[in-house]
Amino acid sequence: GGKSPGPAAPSPPPTAPEDNSELQKKQESKMKMKQEYVAALECEEASVNSRLEVIKAKALDMCQEIVTRAEQAYKDMDMWLGARFLAEMSSVGKLIQIAHYCVEAATKIQYELVLEQSDFYINSDIKVIPDPVPPPRPPAVEHATGATLTVSQLRRLHKQFLQVAPGGLMMSKLFSDILLDLTSMTLGDDVLPDLWMHLSLSA
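About the thresholds
Residues numbered from 1 in each chain as written. Predicted model: local features only at pLDDT ≥ 70, side-chain atom pairs only at ≥ 80, totals over all residues. Heavy atoms only, no water. Helix = DSSP H or I, 4+ residues; strand = E, 2+ residues; numbered from the N terminus. Buried < 20%, exposed > 50% of the residue type's maximum accessible area, 1.4 Å probe, protein only. Contact = heavy atoms within 4.5 Å. pLDDT = per-residue confidence, 0-100. Salt bridge = Lys/Arg side-chain N within 4 Å of Asp/Glu carboxyl O. Patch = residues over 30% accessible without salt bridge, like charges linked within 9 Å, V, L, I, M, F, W, Y side chains within 5 Å. Areas by Shrake-Rupley, 256 points an atom, 1.4 Å probe, with all protein chains shown as cover.

- With an unreviewed UniProt entry as reference, the chain is termed SPEF2 C-terminal domain-containing protein, source organism Engystomops pustulosus.

Shown next as structure tokens:
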């Protein structure tokens with residue numbers, strides 16, 4: 001009954017000594033390449049670490065410089081703000097002095113007081129109270145001088161001639177008669193100048 005055993009597996013042929021030495025050389029070459037690769041990686045790692053240390057040192061220097069500049073900027077800003085505040089307080093003090101003087105002297109502030117940030121000045125171009133109204137002009141009084149007619153005398157003479165000659169034309173005889181009548185009948189009425197009051201036909 002039992003099965004008969006099959007043919008036995010063929011045994012590997014014995015390796016020649018030359019093949020062993022070649023295999024050993026390949027393994028040694030692989031090991032050497034691996035060692036060189038590891039050494040190269042270690043060298044590159046050291047180089048990268050060195051560069052990172054340089055970058056880190058430079059970054060720390062830059063951060064320290066930025067911090068120093070920021071501190072100086074804050075100091076300058078604090079100094080400028082203090083000077084600006086003192087200048088503004090000085091301008092406000094000047095304004096208060098002027099207002100105090102006007103209150104104590106019971107005088108009005110005539111010109112505009114301007115306070116612009118840290119500057120204070122009096123604007124003499126703008127008045128805050130109007131100028132007093134000038135007194136009314138007296139009526140013009142015209143005085144007769146010599147032989148010159150005044151405006152009122154001319155109006156009376158024109159009215160007289162208009163009644164006699166509305167058209168504006170009259171004979172010379174009528175004109176001289178009107179003048180003689182005015183000199184004789186209106187004595188003291190200031191109708192004609194004084195020199196005209198002594199006219200005669202012969203003159």
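1. Brief notes about the side chain of S91
Consideration 1: For S91, the position within the fold is in helix α1 (residues 17–105).
Consideration 2: A relative accessible area of 5% means that S91 is categorised as buried.
Consideration 3: Contacts of S91, omitting those with residues within four sequence positions, involve L115, S118, D119 and F120.

2. Quick word on the confidence of the model for the chain
Consideration 1: When pLDDT is averaged along the chain, the result is 80; 78% of the residues meet or exceed 70.
Consideration 2: Mean pLDDT across the elements of the chain bottoms out in helix α3 (residues 172–185) (74) and peaks in α1 (90).

3. A short note on the pattern of salt bridges
Consideration 1: Counted by the stated rule, this structure contains two salt bridges.
Consideration 2: Across the pair R69 and E65 runs a salt bridge, and its minimum N-O distance is 2.8 Å. You can see R69 and its partner E65 sitting in helix α1, four residues apart, about one turn around the helix.
Consideration 3: With a closest N to O distance of 3.3 Å, R84 and E88 form a salt bridge. One end of the pair, R84, and the other, E88, are both in helix α1, four residues apart, so they sit about a helical turn from each other.
Consideration 4: On the basis of relative accessibility, which here comes to 36%, the residue R84 falls in the partly exposed class.
Consideration 5: Accessibility expressed as a relative area gives 25% for E88, which makes it partly exposed.

4. Quick notes on a nonpolar patch on the surface
Consideration 1: Taken together, the side chains of Y74, M77, M79 and W80 make up a nonpolar region of the molecular surface, amounting to roughly 530 Å² of accessible area.
Consideration 2: Counting through the fold element by element, M79 comes out in helix α1.
Consideration 3: Residue classification places M79 among the exposed residues on the basis of a relative accessible area of 52%.

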